[in-house]
Amino acid sequence: MLKSKYTILLTIFFGIIFAALLSAKRVPTTDMEPSILVNDLIWVRNHPPQIGDVIFMKDPHDDERFYLRRVVALGGNSVQALPNGAVRINGKTIRQRDMGITETHRIYQENTWTSENTSKQYLVQRLIDAPQIMPHEPQLIPKNTCYVMSDNRDFAVDSRWWGPVPNDLIIGVVVFRLGQAHEWRNYWSSQP
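In this text the structure is predicted, and so the values were computed from the model without any measurement. (Residues numbered from 1 in each chain as written. Predicted model: local features only at pLDDT ≥ 70, side-chain atom pairs only at ≥ 80, totals over all residues. Heavy atoms only, no water.)

> Help me get a handle on the side chain of Gln80, residues and values and all.
Take Gln80: it is sitting in strand β5 (residues 78-81). Residue classification places Gln80 among the buried residues on the basis of a relative accessible area of 15%. When near neighbours in sequence (up to four residues on either side) are disregarded, Gln80 contacts Ala86, Val87, Arg88, His136, Glu137 and Pro138. (Helix = DSSP H or I, 4+ residues; strand = E, 2+ residues; numbered from the N terminus. Buried < 20%, exposed > 50% of the residue type's maximum accessible area, 1.4 Å probe, protein only. Contact = heavy atoms within 4.5 Å.)

Here it is, written out as structure tokens:
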């Protein structure tokens, strides 16, 4: 009797582990470096995104392509991408703290406020020799859309080119990341 209970519990345990591994997605691009690297495993949950969340989304111009992007603003917010790479939300510049440099990039820690009035910190990187980007005028983000950016700011396209992303293109929010550690991050994170 006791042996069959352990067998059932072990079967359930390994079933859960197997299901979790099957639901993981492997990251194919460098778009979200240094926070999320190529070959990291991510788990996505379907719930409404908050400012600072990383989302798994469809490409606004190609239903066959998928991206990871960070939500910088939600519908109803005003957003302005500045020439120096900084971002202004509702007239306030997102705080950036210089964390140092790699061979080719300067790393910044951004600190945003979520819609729940909690602080969220994450890392972004810019090329050391990056040209100034074209300044964008402030724009009001329509309801049921969000403004997203890549953490690898000079490498990937995002809302600076696409414009606001409709919420129906969002598949889910990344809730867990597992991958190699480096000087800027741990092996795992529940808030990439």
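> How would you sum up empty space enclosed by the protein? Please name residues and give values.
In the structure shown here, the tally under the stated rule is one cavity of 30 Å³ or more. Put simply, the largest cavity is a space of about 30 Å³. In this structure, the largest cavity is lined by Val79, Gln80, Ala81, His136, Glu137, Gln139, Tyr147 and Ser159. Broken down by element, the lining of the largest cavity gets its largest block of residues, three residues, from β5. Looking at the lining of the largest cavity, its residues break down into three nonpolar, four polar and one charged. (1 Å grid on protein atoms, 1.4 Å probe; cavity = no way out; pocket = protein on both sides within 12 Å on 5 of 7 lines; lining within 4 Å. Points joined across faces, edges and corners; volume = space filled by probe spheres on them. Nonpolar A, V, L, I, M, F, W, Y, C, P; charged D, E, K, R; others polar.)

> Describe the packing of aromatic side chains, naming the residues involved and giving the relevant values.
Evaluation of the coordinates by the stated rule reveals four aromatic pairs. Seen from their ring centres, Phe56 and Phe66 are 5.6 Å apart, and the 15 degrees between their planes marks the pair as stacked. In this pair, Phe56 is assigned in strand β3 (residues 54-59) and Phe66 in strand β4 (residues 62-74), connecting sequence segments ten residues apart. A relative accessible area of 15% places Phe56 in the buried class. Here the aromatic residues Trp43, Phe176 and Trp188 are joined through ring pairs into a cluster of three or more. The ring centre of Tyr122 lies 4.0 Å from the NZ or CZ of Arg70, which sits over that ring. (Phe/Tyr/Trp six-rings, centres within 6.5 Å; stacked < 30°, edge-to-face > 60°. Lys NZ or Arg CZ within 6 Å of the ring centre and 35° of its normal.)

> Can you lay out the pattern of salt bridges for me, pointing to particular residues and giving the numbers?
All chains considered together, the criterion is met by eight salt bridges. In this structure, Arg69 and Asp31 form a salt bridge, with 3.0 Å as the shortest nitrogen-oxygen distance. Within this pair, whereas Arg69 is found in strand β4, its partner Asp31 is found in the loop between β1 (25-26) and β2 (41-45), the two being separated by 38 residues in sequence. The exposure class assigned to Arg69 is buried, which follows from its relative accessible area of 0%. As a salt-bridge pair, Asp151 and Arg70 come within 2.7 Å of each other at their nearest N and O atoms. Of this pair, Asp151 sits in the loop between β12 (145-149) and α2 (159-162) while Arg70 sits in strand β4, placing them 81 residues apart in sequence. Here Arg70 falls in the buried class, since its relative accessible area comes to 0%. (Salt bridge = Lys/Arg side-chain N within 4 Å of Asp/Glu carboxyl O.)

> Describe the side chain of Glu110, and please don't skip the residues or the numbers.
Along the chain, Glu110 falls in strand β9 (residues 105-113). Polar side-chain contacts of Glu110 include one of 3.0 Å to the side chain of Arg153. Other than its neighbours up to four places away in sequence, Glu110 contacts Ile94, Arg95, Gln96, Lys120, Gln121, Tyr122, Val124 and Arg153. (Polar contact = N/O pair within 3.5 Å; in protein donor to acceptor, adjacent residues only side chain to side chain.)

> Give me a nonpolar patch on the surface: which residues, what numbers.
A contiguous nonpolar surface patch, about 360 Å² in accessible area, is contributed by Leu178, Tyr187 and Trp188. If you trace the backbone, Leu178 turns up in strand β14 (residues 170-178). (Patch = residues over 30% accessible without salt bridge, like charges linked within 9 Å, V, L, I, M, F, W, Y side chains within 5 Å. Areas by Shrake-Rupley, 256 points an atom, 1.4 Å probe, with all protein chains shown as cover.)

> Let's hear about the sheet that holds β9: which residues, and what values?
Spatial ordering of the open sheet is given by β8-β9-β10, a layout of three strands whose pairing is antiparallel. With partners counted over all chains shown, the strands left at the sheet margins are β8 (95-101) and β10 (119-127), one partner each. Sheet twist, expressed as the mean angle between neighbouring strand axes with direction ignored, is 25 degrees. (Pairing = 2+ DSSP bridges. Axes fitted to C-alpha atoms, helices over the stretch in contact; angles between N-to-C directions.)

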